[in-house]
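Listed here are the chains, written in short residue letters.
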Amino acid sequence: ETGVTQSPTHLIKTRGQQVTLRCSSQSGHNTVSWYQQALGQGPQFIFQYYREEENGRGNFPPRFSGLQFPNYSSELNVNALELDDSALYLCASSLAGTSGRTGANVLTFGAGSRLTVL
Amino acid sequence: AQSVTQLDSHVSVSEGTPVLLRCNYSSSYSPSLFWYVQHPNKGLQLLLKYTSAATLVKGINGFEAEFKKSETSFHLTKPSAHMSDAAEYFCVVSDRGGYTGGFKTIFGAGTRLFVKA
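Since the structure is predicted, the reported quantities are computational estimates derived from the model, not experimental observations.

**Things to note about the overall build of chain A**
A count of helical and extended segments in chain A gives zero helices and 11 strands. Relative to the globule expectation of 13 Å for 118 residues, the C-alpha radius of gyration of chain A, 14 Å, shows essentially globular dimensions. Judged by the C-alpha coordinates and their principal axes, chain A covers about 45 × 30 × 25 Å. Contacts spanning at least 24 positions in sequence make up 55% of the contacts within chain A whose residues lie at least 6 apart. Here chain A has roughly 5,600 Å² of accessible surface; of this, 49% comes from carbon and sulfur atoms.

**A short note on the confidence of the model for chain A**
Residues and elements named next belong to chain A. Taken residue by residue, chain A gives an average pLDDT of 89. The fraction at 70 or more is 91%. When mean pLDDT is compared element by element in chain A, strand β3 (residues 19–24) scores highest at 98, while strand β6 (residues 53–57) scores lowest at 84. With pLDDT under 50 throughout, residues 99–103 is counted as low confidence; its partners more than four residues away or in other chains account for 10 contacts.

**Some points on the sheet that holds β3 of chain A**
All names here are of chain A. Pairing within the open sheet is antiparallel, and its four strands lie in the order β1-β3-β8-β7. Each edge of the sheet is formed by a strand with only one pairing partner; in this case those strands are β1 (5–7) and β7 (64–68). For this sheet, the mean inter-axis angle between neighbouring strands, taken without regard to orientation, is 15°. Two elements, β7 and strand β8 (residues 74–78), share five bridges in a ladder whose sense is antiparallel. Note that in β8 the partner of G66 across the bridge is L76.

Here is what the cut-offs are and how they apply
Residues numbered from 1 in each chain as written. Chains lettered and ligands numbered in written order. Predicted model: local features only at pLDDT ≥ 70, side-chain atom pairs only at ≥ 80, totals over all residues. Heavy atoms only, no water. Helix = DSSP H or I, 4+ residues; strand = E, 2+ residues; numbered from the N terminus. Rg over C-alpha atoms; globule rule 2.2 N^0.38 Å. Contact = heavy atoms within 4.5 Å. Areas by Shrake-Rupley, 256 points an atom, 1.4 Å probe, with all protein chains shown as cover. pLDDT = per-residue confidence, 0-100. Pairing = 2+ DSSP bridges. Axes fitted to C-alpha atoms, helices over the stretch in contact; angles between N-to-C directions.

Below, the structure written as structure tokens:
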């Protein structure tokens, strides 16, 4: 059973640029969530993808967008980067049950992608 | 709407003394509750979870938490702190939030635990 892998691990961009972060889900998981963790803060929910569709979004502007692919891997895209976008971006996969409360969404996290915007 | 409030941003204890990290939550749906731990420069690790079974939940490394619906609390405890427990702890609430699939999971701001020798 493979865990969640994210790439790249570190990257540096300048203001105004665009970035794509990638995530491979844990085998058997069908849901991917993305979080932004600024230094010294808790992870902030960006959005979640289920069956290739966005299924929930936090308080992030539209320049944060994503994709989920048929193999449940995912991308996070951020356009027009700002200095405040500097953070650790965490991907988490989980298995969403189709009914009831089984498999109550234990998240398996990747190690994160550290983005620095200069 | 969901919310999670961790009542202490920092907690400092001496090694061998009890640990109490406090968490209150709000959810419009029957939530699942979790505690995650994040050691410096390491990934988030699940400590324990509550999903409507027993209200006293035991986790890894001697931690446990009690779900109290009347108080909307899910405090994390450990009888005796160890130096290796020093880390950031996050209380997490997850519910369906009205979504057609999956759950929405949000984190508290975190509590930094310091353990003194």
